[in-house]
Amino acid sequence: MWVSLKIRSKINVNVKDLKKNKVKLIIFILAMSFVFVVVWFNRNRLSADNITGWLEGRFLSMGIGEGYPCELAYGSVESSNFSLVDNDIVTLSNTAFTVFNSTAKQMTNRPHNLSNPMMKTNGGRAILYDMGGKKYSIDTISKNVVNGSCENEIISGAVSENGVYGLITESKDYLSEMTIFDKSGKEKYKYYFSDHYISDISINQNGTNAVVCGFASEQGKLKSVVYIFNFNSDAPIQTFEYEENVIMSIEYMENGNIAVVGDKSTGVINLWTKSKQDFDYEKKILTSFEVNKYNGIVLSLSSVEGGENCEIVSLDRSGNAVIKIPTKYTITSITRRGNRIAGISGDKVFAYKLSGDADGCWTVANNIKKLQLRSTTWGYALGVNKIYKVHLK
């Protein structure tokens, strides 16, 4: 009897151990599956080059600056050449490529000789190009990666997170041409446009696709077009047309959809459904916009020429209107992070919750060109000759 109980006790213990081991195994499998999914969807960011670049950038960011506001000592910076990468401010002035950390320490100051400098950033990379000229470069915080020169004048450029980059240029025999390069600067794809003048380009995060926008006049009417390319295909894989709408910006978002911002409407192209969702301004004037690859698109629209009493519209990454907020402000810059929208109106920074409720107003310098939120509670503002840190509390 005692032996039987002892055996039964051992069996019970073994069953309990087996159950515990199974639970641990399931937890381990789930954890590894989660890690695999994270790594897979971030495989471009986790490349050796990107990890090295990030580590070099973090090394350069070590140390404390004198704090904000910070003087722009290397020339004026246009709004389009003021970008936020992680916690760092990336600027391209008329003389230098300069990066500041969150305490205003200068991490990089790299002079250039571009006559009409333009910049686009993606991940830890920036493409700098001379619009109307022929020179360009690919830069990170820690180093200059590529220097190049085009045969024809540059119209626009873009870079992907993994270093593939592209340039739109004028053409001798066509209206425009697109050249795509690998991260070392070697040409990998070429396309000539005979029907439309191309004005902007964006490349997806893994460097396999590009989207461009252009325009042409047909029977006295302006028509814009969007071409989508896969670099394994000789011809565009999709095209979309927009009547009487001048497309000003085009950009890939995190979910693979494409934001298309025009002067009459803004929309999102879904590559999987081969469809587009447009938001019409209903004759209102676009005064400012921001495309955020994680949050979507935020617009400010006014019914009057002077830009007063703007309406804020937030679109999700599918192009659906999340909220419309009527305001009393003349908005010159708009930005969104998470559930908070903020903007500039004169010497005021104002904020709204995504629910539409007003969420504060603060006095700042009277010469702010652009506001970019880093989080829901703070961000940076570009002035004429200074960068400011703005706290929204």
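It should be emphasised that the depicted structure is a prediction, and the values quoted were computed from it without experimental measurement. (Residues numbered from 1 in each chain as written. Predicted model: local features only at pLDDT ≥ 70, side-chain atom pairs only at ≥ 80, totals over all residues. Heavy atoms only, no water.)

Visitor: If you had to explain the overall build of the protein to someone new, which residues and values would you point to?
Guide: Broken down by element type, the protein carries 2 helices and 32 strands. Sorting the 393 residues of the protein into buried and exposed places 46% on the buried side. Counting contacts in the protein only where the partners sit at least 6 residues apart, residues at least 24 apart contribute 40% of the total. Only carbon and sulfur atoms are counted for the fraction: they give 54% of the accessible area of the protein, which is about 19,600 Å². (Helix = DSSP H or I, 4+ residues; strand = E, 2+ residues; numbered from the N terminus. Buried < 20%, exposed > 50% of the residue type's maximum accessible area, 1.4 Å probe, protein only. Contact = heavy atoms within 4.5 Å. Areas by Shrake-Rupley, 256 points an atom, 1.4 Å probe, with all protein chains shown as cover.)

Visitor: Run through the side chain of T98, naming residues and quoting values.
Guide: If you trace the backbone, T98 turns up in strand β4 (residues 96-100). Judged by its relative accessible area of 3%, T98 falls in the buried class. Polar side-chain contacts of T98 include one of 2.8 Å to the side chain of N109. Ignoring any residue separated from it by four or fewer positions in sequence, one finds T98 in contact with Y74, I89, V90, T91, Q106, T108 and N109. (Polar contact = N/O pair within 3.5 Å; in protein donor to acceptor, adjacent residues only side chain to side chain.)

Visitor: I'd like to hear about the nonpolar core, residue by residue, with values.
Guide: Counting 17 residues, the largest nonpolar core has M178, I180, F193, V212 and F229 as its most contacted members. When contributions to this core are tallied by element, the ones reaching two or more residues are β12 (176-181), β13 (187-193), β14 (197-203), β15 (209-218) and β16 (221-230). Residue contacts for M178: discarding those within four places in its chain leaves L167, I168, Y189, K190, Y191, F193, I201, A210, V212 and F229. (Core = buried A, V, L, I, M, F, W, Y, C linked by side-chain atoms within 4.5 Å.)

Visitor: Describe the pattern of salt bridges, naming the residues involved and giving the relevant values.
Guide: Applying the stated criterion across every chain yields a total of 13 salt bridges. We note a salt bridge from K386 to E71, for which the minimum N-O separation is 3.8 Å. With K386 in strand β32 (residues 386-391) and E71 in strand β1 (residues 70-71), this residue pair connects regions lying 315 residues apart in the sequence. Look at the salt bridges and you will find they share partners, linking E218, K223 and E241 into a network. (Salt bridge = Lys/Arg side-chain N within 4 Å of Asp/Glu carboxyl O.)

Visitor: Can you lay out the pairing of strand β19 (residues 258-262) for me, pointing to particular residues and giving the numbers?
Guide: Of all 5 residues making up β19, 5 are buried, and the element is well covered by its neighbours. With 5 bridges connecting them, strand β18 (residues 247-252) and β19 associate as antiparallel partners. Bridge pairing in β19 links I250 to V260. The hairpin formed by β18 and β19 contains 5 residues between the paired strands, and G256 there has a positive phi angle of roughly 95 degrees. Where β19 lies against strand β20 (residues 265-270), 4 bridges are found, and the strand directions are antiparallel. (Pairing = 2+ DSSP bridges.)

Visitor: Lay out the pairing of strand β25 (residues 321-326) with the relevant residues and their values.
Guide: Bridging between strand β24 (residues 311-315) and β25 involves 5 bridges; their strand directions are antiparallel. If you follow E311 over to β25, its bridge partner there is P326. The turn joining β24 and β25, which pair antiparallel and follow one another in sequence, is formed by 5 residues; a positive phi near 95 degrees is taken by G319.

Visitor: Residue-level account of the side chain of E161, with values.
Guide: Looking at where E161 falls in the secondary structure, it is placed in the loop between β10 (154-159) and β11 (165-169). Among the polar contacts made by the side chain of E161, one reaches the side chain of K293 at a distance of 3.4 Å.

Visitor: Go over the sheet that holds β14 with me, naming the residues and quoting the values.
Guide: Read from one edge of the open sheet, 4 strands run β14-β15-β16-β17, paired in antiparallel fashion. This sheet does not close on itself; its edge strands, each paired only once, are β14 and β17 (238-243). Strand-to-strand twist of the sheet, defined as the mean angle between neighbouring strand axes without regard to direction, takes the value 20 degrees. Two strands pair when backbone bridges link them, and β15 and β16 are joined in this way by 10 bridges, in the antiparallel orientation. When the bridges of β16 are listed, A216 appears paired with K223. (Axes fitted to C-alpha atoms, helices over the stretch in contact; angles between N-to-C directions.)

Visitor: Which residues make up the packing of aromatic side chains, and what values go with them?
Guide: For the structure shown, the criterion picks out 16 aromatic pairs. Following the ring pairs from residue to residue traces out a cluster consisting of Y189, Y191, F193, Y227, F229 and F231. One cation-aromatic arrangement involves K389 over W378; the distance from NZ or CZ to the ring centre is 4.7 Å. (Phe/Tyr/Trp six-rings, centres within 6.5 Å; stacked < 30°, edge-to-face > 60°. Lys NZ or Arg CZ within 6 Å of the ring centre and 35° of its normal.)

Visitor: For the sheet that holds strand β8 (residues 135-139), give the residues involved together with the corresponding values.
Guide: Reading across from one edge, β6-β7-β8-β9 is the order of the 4 strands in this open sheet, with antiparallel pairing throughout. Among the strands making up the open sheet, the edge pair consists of β6 (117-122) and β9 (144-149). Between one strand axis and the next, the sheet turns by 15 degrees as a mean value, whatever way the strands run.

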